[in-house]
Amino acid sequence: MPSPTIAIVGAGLSGLACARALAKAGRPFTIYEAADGVGGRVRSDKVDGFTLDRGFQVLLPAYPEARRVLDYEGLHLKPLYRGANVYFKNSLHRLADPFHHPLDALMNLRDTFIPWRDKWHTLMLWKEAAGTMGIERRLPEMETEDYLRDFGFTEAMLDRFFRPFFGGVFLEKDLRTSARMFFFLYAMFRNGGATIPAHGIQAIPDQLAVALPPGSLKLNTPVTSVRKNEITLETGEIIRADHIVLAVSEDVAHRLLPDTGVEKPKPGRSTTCLYFSTDQALPSESILYLDGDNRGPVNNACVLTNASPKLAPKGQHLISTSIVGAPSSNELEDVVREQMTRWFGPGARQWKHLRTYQIRNAQPESRQLVLGDSALSTVLEPGLYRCGDYVEDVSINGALISGRKAAEAVLGSMG
Ligand SMILES: Cc1cc2nc3c(=O)[nH]c(=O)nc-3n(C[C@H](O)[C@H](O)[C@H](O)COP(=O)(O)OP(=O)(O)OC[C@H]3O[C@@H](n4cnc5c(N)ncnc54)[C@H](O)[C@@H]3O)c2cc1C
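The model shown is predicted, which means the values in this text are computed figures rather than measured ones.

Rules behind the numbers
- Residues numbered from 1 in each chain as written.
- Predicted model: local features only at pLDDT ≥ 70, side-chain atom pairs only at ≥ 80, totals over all residues.
- Heavy atoms only, no water.
- Phe/Tyr/Trp six-rings, centres within 6.5 Å; stacked < 30°, edge-to-face > 60°.
- Lys NZ or Arg CZ within 6 Å of the ring centre and 35° of its normal.
- Pairing = 2+ DSSP bridges.
- Helix = DSSP H or I, 4+ residues; strand = E, 2+ residues; numbered from the N terminus.
- Axes fitted to C-alpha atoms, helices over the stretch in contact; angles between N-to-C directions.
- Contact = heavy atoms within 4.5 Å.
- Domains from an automatic or database assignment.
- Buried area = accessible area lost by both parts, 1.4 Å probe.
- Salt bridge = Lys/Arg side-chain N within 4 Å of Asp/Glu carboxyl O.
- Polar contact = N/O pair within 3.5 Å; in protein donor to acceptor, adjacent residues only side chain to side chain.
- Expected span 1.5 Å × (residues − 1).
- Buried < 20%, exposed > 50% of the residue type's maximum accessible area, 1.4 Å probe, protein only.
- Arc of directions from axis to C-beta.

Considerations on the packing of aromatic side chains
Moving on, step 1. What the rule picks out here adds up to 23 aromatic pairs.
Moving on, step 2. Grouping aromatic residues by their ring pairs yields a cluster made of Tyr 147, Phe 151, Phe 153, Phe 161, Phe 162, Phe 165, Phe 166, Phe 170, Phe 182, Phe 183, Tyr 186 and Phe 189.
Moving on, step 3. A cation over a ring is seen here: Arg 94 above Tyr 81, with NZ or CZ 4.8 Å from the ring centre.
Moving on, step 4. Positioned above the aromatic ring of Trp 116 is the side chain of Lys 119, whose terminal nitrogen or guanidinium carbon lies 4.7 Å from the ring centre.

In structure tokens:
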């Protein structure tokens, strides 16, 4: 009897994680991917010798699933400074993690831009997040902003640190994202900091793809519709499969399968990232700069080559500047440059603009607001499965978990 056939639609992290688990179990499959490369929302481009990620993105090495699935050594992860430089009222203030940068923390003890009460509550939150390894579902389902206020943090701390820092992570600055997500991510930052792969974020999906069995990945192959045991390619070709895993984003899943319980999603969250380069001297730390005034447009910036010089030609710096949302303005580049002169000095006026990425639907909205008591169901109907960040939680970790769970469901139904 021929072995059952498996088709995966999408080679983002969730599709690749699903493929990886199937390959480990010795089950053959084919992945159909619309784009010209793997990675989905985790991709990088080469531009004039620079490596530009499609949107500023970090890997938190404490992510439990990422630790299981990825070979961190192979990714050559480069840590970012644990803390931030916050631009507030015309000057930069250093916030340093006292456990990793005790001297910096000591030197900034007298800086009252963060009230004493908040320094104390930060230590308490630090303690509370110690053993967290996943989404903390014992926490009440509430907005992050309310959670932080209830915890005792002042409005000053919310505005000067949490709003720009987690606003950049959630891609919304009202902090209405579920406190369960906040607490998980806070614990991940606490337990392992943030890193970038030395050669760009694309190294993550590339590492997963390299282990796929030969011939199992079909790029430039968009799927136009999905039915039980059948997918239709853009070319009109119909592929029959005993098991179909839909590993696309929430909006595409809804488009491909409007009647199978995939709800019509709310519009997703957007971000805009402008990359600049310079050969002039810049501060040398791999630290995140934050907009503590919340005046924008840039919410956070980083000299990426301070973490990994490999991202640029020799002697060049690569600077990423990130905006929450997708503003439409012809003057955006000029306004960003002007803001960066306040953060980095007048030299920013001479920075060379490399590229602007405007990423709509960077993150799904609904799964961020309410995480519920469990992930969404993986099995839509017998033989039809789904995975993706919107099924689990919106992160690299969530996408990897959901892919593995979809593979487990397929393997389970095969006995
Ligand atoms: C700018 C940005 C910054 C982020 N920052 C972070 C961060 O710092 N840390 C973190 O943990 N997470 C971050 N995330 C979230 C994280 O990247 C995502 O949660 C994760 O990559 C989602 O993976 P996925 O497989 O669920 O979906 P996707 O990556 O969207 O994969 C879906 C795949 O399906 C393919 N596809 C779509 N339509 C079709 C079709 N019709 N036929 C065939 N294939 C199709 C797509 O091309 C894509 O490859 C960020 C995301 C973005 C965009």
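Remarks on the sheet that holds strand β2 (residues 30–32)
Moving on, step 1. Here we have 6 strands laid out as an open sheet, ordered β9-β2-β1-β13-β20-β19, and mixed in their pairing. Where the open sheet ends on each side, the last strands, each with one partner, are β9 (217–218) and β19 (379–381).
Moving on, step 2. Note: strand β1 (residues 6–9) against strand β13 (residues 243–246), 4 bridges, orientation parallel. Looking at β13, one finds that Ile 6 is bridged to His 243.

Thoughts on the sheet that holds strand β16 (residues 300–303)
Moving on, step 1. The 7 strands lie next to each other as β7-β6-β15-β16-β17-β14-β18, forming an open sheet whose pairing is mixed. Edge positions in the sheet fall to β7 (91–96) and β18 (352–363), since each has one partner strand and no second. The average angle at which neighbouring strand axes cross in this sheet is 20°, direction not considered.
Moving on, step 2. With 6 bridges joining them, strand β6 (residues 83–88) and β7 adopt antiparallel strand pairing. When the sheet's bridge partners are listed, Val 86 is paired in β7 with His 93.
Moving on, step 3. Packing against the sheet, helix α12 (residues 332–344) makes contact with β6, β7, β14 (269–278), β15 (288–291), β16, β17 (317–324) and β18, and its axis sits at approximately 65° to β14.

Looking at the domain arrangement of the protein
Moving on, step 1. Per the domain assignment, the segments making up the protein are domain 1 (6–42 + 203–266 + 369–414) and domain 2 (44–78 + 196–201 + 268–366).
Moving on, step 2. The distance between the C-alpha centroids of domain 1 and domain 2 comes to 28 Å.
Moving on, step 3. The interface is formed by 22 residues belonging to domain 1 together with 25 residues belonging to domain 2.
Moving on, step 4. Roughly 2,100 Å² of surface becomes buried between domain 1 and domain 2 when both sides are summed, with 55% attributable to carbon and sulfur atoms.
Moving on, step 5. Interface area lost by domain 1 to domain 2 is led by Arg 41, Ile 204 and Gln 207, which between them contribute 25%.
Moving on, step 6. Counting across the interface, domain 1 meets domain 2 through 1 salt bridge.
Moving on, step 7. With a closest N to O distance of 2.9 Å, Arg 404 and Glu 65 form a salt bridge.
Moving on, step 8. On the surface where domain 1 and domain 2 come into contact, there are 10 residue pairs in polar contact (both at pLDDT 80 or more).
Moving on, step 9. Put simply, the parts of the chain that give the side of domain 1 that touches domain 2 at least two residues each are α9 (203–210), α10 (250–256) and α14 (396–414).

Description of helix α5 (residues 116–128)
Residue pairs spaced three or four apart in an α-helix point in one direction, given the helix's 3.6 residues per turn.
Moving on, step 1. With 13 residues, α5 extends 19 Å from end C-alpha to end C-alpha; this agrees with the ideal 18 Å at 1.5 Å per step.
Moving on, step 2. Turning to α5, its buried residues are Asp 118, His 121, Leu 125 and Trp 126. Mapping the buried residues of α5 onto a view down its axis gives an arc of 145°, with all of them on the same face. Among the exposed residues of α5, those oriented more than 90 degrees off its buried face are Trp 116, Trp 120 and Lys 127.
Moving on, step 3. In this fold, the buried residues of α5 make contact with α6 (144–151), α7 (155–170) and α8 (179–192).

Focus: unusual backbone geometry
Moving on, step 1. In the segment running from Gly 296 into Pro 297, the intervening peptide bond is cis, with an omega of 0°.
Moving on, step 2. Along the chain, Pro 297 falls in the loop between β15 and β16.
Moving on, step 3. Even without being glycine, Asp 48 reaches a positive phi, approximately 50°.
Moving on, step 4. For Asp 48, the position within the fold is in the loop between β3 (44–47) and β4 (50–53).
Moving on, step 5. Of note in the backbone geometry, Asn 220 takes a positive phi value of approximately 50° without being a glycine.

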